[in-house]
Amino acid sequence: MALKIAVIGCRGFGRVHLNALSKLRNRYGLDIYVFSRTEEYAKDCYREYEASGYFTRYSDVLRSNVDVVDLVVSHDAHMPMSIAALEAGKHVMLEKPIARTIEEAMNVINIVKSSGKKFMVLENHFFDTSVWKARELMRQLGRVSMIVVRKLQYNSPGGWRRIRELMGGGALIDGGIHYVDTLLNLGGDYTEVKLVCAHGFAGLEGEDISVSIFRFRSGAVGVLLYSWSSPGGDRAPAFEIYGEHGFIMEDPSSRVPGKPYGDLLISIDGRQDKVVVEKVNTVEREIELFIQSVLNNTDVPMPPEIALRDLKAVLDAYKNCGELSMGFQPV
């Protein structure tokens with residue numbers, strides 16, 4: 001019997017999910033459904049992606065025989081829509097972040113545990129092969145002193161992303177949480193975080209420029225630069241790792257569509273090399289692995305505790321720069 005998946009939100013990044021699911025449809029015998037509160041948009045997506053059906057009311061999705069709900073919605077809707085789907089007996093994929101607050105995230109995780117359903121936050125950077133290859137090679141550096149992760153770009157979104165309360169903050173909790181995930185996957189547990197944040201010209205109520213400094217339990221220092229007010233700033237390496245024997249650096253010139261990070265440049269005791277990594281579409285991979293976990297009744301490849309870790313790091317940083325003192329107040 002075909003696995004039925006409903007994508008909730010068929011505009012914006014929802015189309016990225018639909019493109020990935022379209023490529024996986026024949027391999028796994030998927031029935032794809034689409035949802036938009038605007039019937040015109042729902043019908044457009046239904047036709048474009050040759051879906052099996054469309055919905056315009058979320059309550060109808062919950063009452064349907066859909067197996068998996070794929071939520072690509074505003075951050076304020078992450079907790080209530082996830083819980084409603086889980087309580088209706090649906091498996092859930094949820095675009096990052098897991099929620100706006102620790103309390104909201106724990107409410108979701110507790111329902112996941114009691115429901116027996118599969119739940120995974122779709123953090124595609126977690127599935128980038130460059131990060132895990134770099135982590136494997138880090139042992140050759142000896143003691144690591146510093147990890148630098150950066151994403152500098154211009155992005156001026158409209159709609160709910162401009163509103164601090166709906167976002168749960170600004171740019172860092174949105175696109176920035178991808179790079180928090182990368183930094184923590186490379187650096188491990190942290191003991192302290194400091195953040196300077198500012199408002200540039202992206203048009204957000206929340207911050208659109210941030211510089212975070214993490215002190216890792218290992219003794220290394222992590223630096224995260226994230227900005228939506230830096231046009232042309234994405235030409236630098238996405239991450240660099242420095243140790244007593246040399247460095248590992250992401251090569252931005254080798255990036256391919258669908259994969260955030262490129263190959264690796266490595267220098268150990270003066271010997272330099274380029275490490276070519278497997279090219280994967282990270283959105284397709286995360287969705288495919290989730291589908292496999294549903295079909296095989298196995299653990300999801302990225303447990304919600306990782307998403308909770310990433311959210312906690314963002315909120316710890318926000319406390320330090322005063323971002324949470326204005327308007328929205330996460331618990």
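In the block above lies the structure referred to throughout.
The present account deals with the structure reproduced in this document. (Residues numbered from 1 in each chain as written. Predicted model: local features only at pLDDT ≥ 70, side-chain atom pairs only at ≥ 80, totals over all residues. Heavy atoms only, no water.)

1. Remarks on the sheet that holds strand 6 (residues 119-122)
- Read from one edge to the other, the open sheet built from 6 strands follows the order 3-2-1-4-5-6, with strand pairing classed as parallel. Across the chains shown, the open sheet's two edge strands, defined by having one partner strand only, are strand 3 (53-55) and strand 6. In this sheet, neighbouring strand axes are inclined to one another by 20 degrees on average, regardless of whether the strands run parallel or antiparallel.
- The pairing of strand 1 (residues 3-8) with strand 2 (residues 30-35) spans 6 bridges and is classified as parallel. By the bridge assignment for strand 2, isoleucine 5 is matched with isoleucine 32. (Pairing = 2+ DSSP bridges. Helix = DSSP H or I, 4+ residues; strand = E, 2+ residues; numbered from the N terminus. Axes fitted to C-alpha atoms, helices over the stretch in contact; angles between N-to-C directions.)

2. What to know about the state of the cysteines
- Applying the stated criterion to the full structure yields 2 disulfides.
- The residue that forms a disulfide with cysteine 10 is cysteine 45, at a sulfur-sulfur distance of 2.5 Å. The chirality of the disulfide connecting cysteine 10 with cysteine 45 is right-handed, given an S-S dihedral of about 90 degrees. Taken together, the residues cysteine 10 in the loop between strand 1 and helix 1 (13-28) and cysteine 45 in helix 2 (residues 39-48) connect sequence positions 35 residues apart. Like cysteine 10, the residue cysteine 45 is buried in the burial classification.
- The side chain of cysteine 197 participates in a disulfide bridge whose partner is cysteine 321; the two sulfur atoms lie 2.2 Å from each other. When the S-S torsion is 85 degrees, as for the bridge of cysteine 197 with cysteine 321, the disulfide is right-handed. Taken together, the residues cysteine 197 in strand 8 (residues 190-198) and cysteine 321 in helix 10 (residues 304-321) connect sequence positions 124 residues apart.
- Sequential numbering of the bridged cysteines in the chain gives the disulfide pattern 1-2, 3-4. (Disulfide = S-S within 2.5 Å. Buried < 20%, exposed > 50% of the residue type's maximum accessible area, 1.4 Å probe, protein only.)

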